[in-house]
Amino acid sequence: MKIKRVWAIYFSPTHTTRRVVEAAAEVLAERLGAKRATWDFTLPEGREGRPGFLPGDAAVVGVPTYAGLVPAVTEPWLAQLKGEGIPAVPVVTYGNRDFDDALIQLRDILADRGFLPFAAGAFVGEHSFSRILAAGRPNGEDLSMARQLGELAAGRLEAGEPAMVEVAGTPRPYRGRYQPRDRQGRAVNFADARPLTSEDCDRCGVCAGVCPTGAIDRADPTVCRGPCLKCGACVKQCPQKARYFDHEVYLEHTA
């Protein structure tokens, strides 16, 4: 199977998934002597179109794990893809708890859209709610493993027609989304939690520019109209460290 172009396709609000996908895609392309292409569908404008796949393409497709499954905000865009039979490598990242059924779900989504998922991987990344859980990951070792995934994928393609990859997880209909808990182990819901802005905000607009749902007002970044994914992008990328949550239930869960 001659591969001429390798796509790195990802949803990555805090850049952890991007780093893993790009590491794997880079090695895959180098091994096969293929060109590289990228499609970032993190921001709303990235979900307004879709890649045009051609014979000879391959793709590494990555998303973070949100509550044990593929982020709901990504599903409509993923459902529009047309794989045209090209080989694909589904990749998920997770905040060092568990990736649950996210990887098997992403594999199934790609297969349903006409891709052939023939290799796959799950990688630890810093948790979106925290600077402590899996802090600084993916680290050098994690990215080395991502490159090993690229090597494995290249080897399978060079060896001949690849088969559908088997991955860990509960087959459809999956187990449903992970239920957040408080310190006492009681189920909680913080869907209405929104990031706030401290007096340190200088209205630079970085937070509005990185919000995957476009929920933060670009004219007045102190306004967040929702929906909020709790992805951590605005909090972690604020130059002034002015974004924060004070939602009691959210803070109980993160603690």
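Note that the structure is a prediction, hence the values are computed from the model and not measured.

Draft legend 1. Representation of the packing of helix α1 (residues 16–32) against helix α4 (residues 140–159). It is at 7 Å that the axes of α1 and α4 come closest, and there the two elements cross at 40°. Between α1 and α4 lies a crossing whose hand is right-handed. Counted together, R19, V20, A23, A24, V27, L28, R31 and L32 of α1 and L143, A146, R147, G150, E151, A153, A154, G155, L157 and E158 of α4 form the full contact between these two elements. Across the contact of α1 with α4, the residue classes tally to 11 nonpolar, two polar and five charged.

Draft legend 2. Highlighting the packing of aromatic side chains. Across all of its chains, the model carries 10 aromatic pairs by this definition. Ring centres 5.9 Å apart and planes at 45° place the aromatic pair F11 and F41 in the tilted group. Taken together, the positions of F11 in the loop between β1 (5–10) and α1 and F41 in the loop between β2 (35–40) and β3 (57–64) put the pair 30 residues apart, joining distant regions of the chain. Given the relative accessible area of 0%, F11 is considered buried. Among the aromatic residues, those joined into a cluster by ring pairs are F11, W39, F41 and W77. Sitting over the face of the ring of Y178, R97 holds its NZ or CZ atom 3.7 Å from the ring centroid.

Draft legend 3. Broad picture of the pattern of salt bridges. Under the counting rule described, the total for this entry stands at 17 salt bridges. Across the pair R107 and D108 runs a salt bridge, and its minimum N-O distance is 3.0 Å. A salt bridge links R172 to D112; the shortest N-O distance between them is 2.7 Å. One end of the pair, R172, is in the loop between α4 and β7 (196–197); the other, D112, is in helix α3 (residues 102–112), and 60 residues separate them in sequence. Taking the relative accessible area as the measure of exposure, D112 reaches 45% and is therefore partly exposed.

Draft legend 4. Region of the structure containing the nonpolar core. In terms of nonpolar packing, the biggest core is built from 35 residues, with I9 and L78 touching the most fellow members. For this core, the secondary structure elements donating two or more residues are β1, β3, α2 (75–78), β4 (87–94) and α3. The dominant element in this core, judged by the number of residues it contributes, is α3, at six residues. Apart from residues no more than four positions distant in its own chain, L78 is found in contact with F41, V61, V70, L106, I109 and R113.

Draft legend 5. Just the environment of G226, in detail. Tracing the backbone through its elements, the reader meets G226 in the loop between α5 (206–210) and α6 (233–237). Overall, G226 belongs to the buried group, its relative accessible area being 18%. Setting aside residues no more than four positions away along its own chain, G226 makes contact with R194 and A215.

Draft legend 6. Here's a closer look at α4. Its 20 residues place the ends of α4 29 Å apart at the C-alpha level, agreeing with the 28 Å of an ideal helix rising 1.5 Å per residue. Those residues of α4 that sit buried are D142, L143, A146, L149, G150, A153, A154 and L157. Projection of α4 onto a plane perpendicular to its axis shows the buried side chains occupying an angular sector of 135°, all on one side. Opposite its buried face, α4 presents the exposed residues G140, E141, Q148 and A159, each directed more than 90 degrees away. A distance of 3.1 Å separates the backbone nitrogen of E141 from a side-chain oxygen at the start of α4, and that oxygen is part of N139.

About the criteria used
- Residues numbered from 1 in each chain as written.
- Predicted model: local features only at pLDDT ≥ 70, side-chain atom pairs only at ≥ 80, totals over all residues.
- Heavy atoms only, no water.
- Axes fitted to C-alpha atoms, helices over the stretch in contact; angles between N-to-C directions.
- Helix = DSSP H or I, 4+ residues; strand = E, 2+ residues; numbered from the N terminus.
- Left-handed = near helix turned anticlockwise from the far one by under 90°.
- Contact = heavy atoms within 4.5 Å.
- Nonpolar A, V, L, I, M, F, W, Y, C, P; charged D, E, K, R; others polar.
- Phe/Tyr/Trp six-rings, centres within 6.5 Å; stacked < 30°, edge-to-face > 60°.
- Buried < 20%, exposed > 50% of the residue type's maximum accessible area, 1.4 Å probe, protein only.
- Lys NZ or Arg CZ within 6 Å of the ring centre and 35° of its normal.
- Salt bridge = Lys/Arg side-chain N within 4 Å of Asp/Glu carboxyl O.
- Core = buried A, V, L, I, M, F, W, Y, C linked by side-chain atoms within 4.5 Å.
- Expected span 1.5 Å × (residues − 1).
- Arc of directions from axis to C-beta.
- Polar contact = N/O pair within 3.5 Å; in protein donor to acceptor, adjacent residues only side chain to side chain.

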